[in-house]
Amino acid sequence: IIRGILNQKDKTKILEALIPAGKWDTEFLERLLENKDLKSLGLTLQGIGEPDSFEEEFAQVLIHFSPDEPLEVLENALSEAYFRKAIDFLSTQKNINARIVLDYLSLKIDFLNILSVLRKITHPERSVRVIKGGRIPVSFLENLFSLKSLENALKSFAYSSYSWISKEGLTLYNRTQSLSSLERLFEHKLFSFCSHLYIRGNPLSISIPLTFINFKENEVKNLRLIGKAVSFGISKDLVRGEIIYAG
């Protein structure tokens, strides 16, 4: 809906792209589509949200969003609202299933934050929103803003909990000079984390359904990548290097 509003798309076209499978039904989604700008969209959400709810929180972000900011700021704000709600609940559950999901979400948060910081280094004029809840201290990420090169930022992870970034990430970036290749590397690491859960985890725990969800997400990403490659005539060899395989 946000992308459609920003690109002035017809609301019927936006509706065709929506998935009414969450809390919001088709009728409510159509109500959101009546808004012509992000501020009015935010006011609509604000009108239906309970205090401290997701709708109320994200409404404030939309109302104060500047068109000069990248869409990534809104995407991260959405992710942050989801992560905070999930982590607040899981932190109260003292069981192995909650621990597994918390570890998974922490990885996703850290990888999103790392990519945001790397984009900021590449484009200093960009706004960046660091999501709280990951394993990497926010202070460590903020210190990277002062670095002048992406290579130096990657090297800085040598003594962090993700020391492999300083080797694998740096080698990959030196070869491709592409941030998208680093994004796929992080997706592969998340996939490997879930694959390990599937092989080594307790079959009666949340490991199996969590892995299944991750595998399906990866399938969708692979299909989207292949679709774009076919549409733009990208070579098969280049696409093979980007696809994440289960084997």
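Residues numbered from 1 in each chain as written. Predicted model: local features only at pLDDT ≥ 70, side-chain atom pairs only at ≥ 80, totals over all residues. Heavy atoms only, no water.

Asks: Go over helix 5 (residues 54–63) with me, naming the residues and quoting the values.
Replies: Glu 55, Phe 58, Ala 59, Val 61, Leu 62 and Ile 63 are the residues of helix 5 that are buried. Residues of helix 5 that are buried in the fold lie against helix 1 (2–6), helix 4 (38–48) and helix 6 (71–90). (Buried < 20%, exposed > 50% of the residue type's maximum accessible area, 1.4 Å probe, protein only. Helix = DSSP H or I, 4+ residues; strand = E, 2+ residues; numbered from the N terminus. Contact = heavy atoms within 4.5 Å.)

Asks: Residue-level account of the nonpolar core, with values.
Replies: Counting residues in each nonpolar core, the largest one holds 40 residues, and the members touching the most others are Leu 105, Phe 111, Ile 114, Leu 154, Ile 165 and Leu 182. Sorting the residues of this core by element identifies helix 6, helix 7 (96–122), helix 9 (150–155), helix 10 (168–176) and helix 11 (179–200) as the ones contributing at least two each. Considering every element that reaches this core, the biggest residue donor is helix 7, with 14 residues. Those residues in contact with Ile 114 that sit more than four places away from it in its chain are Ile 136, Leu 141, Phe 157, Ile 165 and Phe 186. Counting 16 residues, the second-largest nonpolar core is a separate cluster that includes Ile 5, Leu 32, Leu 62 and Phe 65. (Core = buried A, V, L, I, M, F, W, Y, C linked by side-chain atoms within 4.5 Å.)

Asks: Run through the packing of aromatic side chains, naming residues and quoting values.
Replies: The final tally for this structure, using the stated rule, is 11 aromatic pairs. In textbook terms, an aromatic cluster arises when at least three aromatic residues are bridged by ring pairs, as seen for Phe 111, Tyr 162, Trp 164 and Phe 186. Its guanidinium or amino end placed over the ring of Trp 164, Lys 189 lies 4.6 Å from that ring's centre, counting from NZ or CZ. (Phe/Tyr/Trp six-rings, centres within 6.5 Å; stacked < 30°, edge-to-face > 60°. Lys NZ or Arg CZ within 6 Å of the ring centre and 35° of its normal.)

Asks: Tell me about the environment of Leu 105, and name the residues and values.
Replies: Topologically, Leu 105 is positioned in helix 7. The buried category is assigned to Leu 105, whose relative accessible area is 3%. In contact with Leu 105, other than residues within four places in its own chain, are Tyr 82, Phe 83, Ala 86, Ile 87 and Leu 90.

Asks: Give a description of helix 12 (residues 207–232) that names residues and reports values.
Replies: For helix 12, built from 26 residues, the straight-helix expectation of 38 Å at 1.5 Å per residue is met to within 8% by its first-to-last C-alpha distance of 37 Å. Where helix 12 is concerned, the buried positions are Ser 207, Leu 210, Thr 211, Asn 214, Asn 218, Asn 222 and Ala 229. Its buried side turned inward, helix 12 meets helix 7, helix 11 and helix 13 (236–242). Positive phi shows up at Gly 233, right after helix 12, with a value of about 70 degrees. (Expected span 1.5 Å × (residues − 1).)

Asks: Describe a nonpolar patch on the surface, naming the residues involved and giving the relevant values.
Replies: Nonpolar side chains collect at one region of the surface, where Leu 223, Ile 226 and Val 230 lie side by side and expose about 310 Å² of accessible area between them. Examined against the element boundaries, Ile 226 turns out to sit in helix 12. Residue Ile 226 is classed as partly exposed on the basis of its relative accessible area of 35%. (Patch = residues over 30% accessible without salt bridge, like charges linked within 9 Å, V, L, I, M, F, W, Y side chains within 5 Å. Areas by Shrake-Rupley, 256 points an atom, 1.4 Å probe, with all protein chains shown as cover. Salt bridge = Lys/Arg side-chain N within 4 Å of Asp/Glu carboxyl O.)

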